[in-house]
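Reading the structure
Here is what each chain is made of, one letter per residue.
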Amino acid sequence: MIEMYTERLAGIEVLHAVPGGQRQEALPTVLFYHGFTSSKLVYSYFAVALAQAGIRVVMPDAQAHGARFNGDVEARLSQFWPILKTNIDEYPLLRDALEEQGLIAEGRLAVGGASMGGMTALGIMARHEEVRSVACLMGSGYFTQLAKTLFPPKADQLETTLARLAEYDISSQLERIGNRPLLLWHGEEDDVVPAAETFRLQQALIQQGVDQQLTCLWEAGVKHRITPTALEATSRFFISNL
């Protein structure tokens, strides 16, 4: 049995899932981020699976998504990278709100996400050492390079966008990525975020000698979507590493 709530945390609407009867107890906690043009409700199956495993799950809506979406589809499509950056910047607000309520058990806080959410998770991992473990599904942490091909900003905004993303990019922060348990999962035929992005990070961590806590999983024939195998792997990962 689990319980699920829609509530506001640090001024942001979130989906909050817990094992039944443990809403006010300190629990191992995962902040989980959804993908671009999606919402916390669409990705709620992660909340169900992880809460069934005894974990508190908090899933915020990204800026211009879900409860925060104003209906302007065209404007949102041009704001992928600013929205991603806002996700990362808002993380401390959510973390602090959970800590103030005494909801995180003994610092057992992890972050996960899929697609844009997976990118968010890597960006948070690189900036916040208190995060115990991270699961990145079909994502990338190489923001400044990927921004040139994935939802690229308009030409007159490209330089500014890349400059703002530079300090969030993981390329110069591999030791901070490799010093904790990290799950990378990717469908080999991903047609949105290339699987080569995950391979690139895997190889960089190996070459840097900081891959001892890395779990890298590939799924043949899978495009840009989450599979039951990915969901199960994420649950197992957090059960073992949180």
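Residues numbered from 1 in each chain as written. Predicted model: local features only at pLDDT ≥ 70, side-chain atom pairs only at ≥ 80, totals over all residues. Heavy atoms only, no water.

A few words on the nonpolar core. Grouped together as the largest cluster of nonpolar side chains are 52 residues, with contacts concentrated most on W81, V111, M119, I177, L182 and L201. Element by element, the count of residues in this core is highest for helix 3 (residues 80-100), at 9 residues. I177 has contacts with L122, M125, A126, I170, L182, L201 and L205, leaving out every residue within four places of it along the chain. Counting residues in hydrophobic clusters, the runner-up holds 27 residues, among them L50, A51, M59 and A110. (Core = buried A, V, L, I, M, F, W, Y, C linked by side-chain atoms within 4.5 Å. Buried < 20%, exposed > 50% of the residue type's maximum accessible area, 1.4 Å probe, protein only. Helix = DSSP H or I, 4+ residues; strand = E, 2+ residues; numbered from the N terminus. Contact = heavy atoms within 4.5 Å.)

Before going further, it helps to spend a moment on the pairing of strand 3 (residues 27-33). Both faces of the sheet carry side chains from a regular strand, because those side chains alternate between them. Extensive coverage of strand 3 is indicated by the burial of 7 of its 7 residues. As paired elements, strand 3 and strand 5 (residues 104-114) share 6 bridges and run parallel to each other. Following the sheet pairing, L31 is matched in strand 5 by V111. In this view, the connection linking strand 3 to its parallel neighbour strand 4 (residues 56-60) by way of helix 1 (residues 44-52) has right-handed handedness. (Pairing = 2+ DSSP bridges. Right-handed = clockwise from strand over helix to strand, strands pointing away.)

Counted under the stated rule, the structure contains 1 cavity of 30 Å³ or more. One number sums up the size of the largest cavity: a volume of about 40 Å³. Around the largest cavity sit I12, Y33, P60, D61, A62, N87, E90 and L94, which together line it. Broken down by element, the residue count for the lining of the largest cavity peaks at 3 residues, all from helix 3. Broken down by class, the residue content of the lining of the largest cavity amounts to 5 nonpolar, 1 polar and 2 charged. (1 Å grid on protein atoms, 1.4 Å probe; cavity = no way out; pocket = protein on both sides within 12 Å on 5 of 7 lines; lining within 4 Å. Points joined across faces, edges and corners; volume = space filled by probe spheres on them. Nonpolar A, V, L, I, M, F, W, Y, C, P; charged D, E, K, R; others polar.)

Reading across the sheet, the 8 strands line up as 1-2-4-3-5-6-7-8 and stay open at both edges, with mixed pairing between neighbours. Of all strands in the sheet, those with a lone pairing partner are strand 1 (2-9) and strand 8 (214-219), marking the two edges. Pairwise comparison of adjacent strand axes, ignoring direction, gives a mean angle of 15° for this sheet. Sheet analysis places strand 5 next to strand 6 (residues 134-137), joined by 4 bridges and oriented parallel. Bridge pairing in strand 6 links G113 to C136. (Axes fitted to C-alpha atoms, helices over the stretch in contact; angles between N-to-C directions.)

Purely geometric stuff here, so don't read any function into it on its own.
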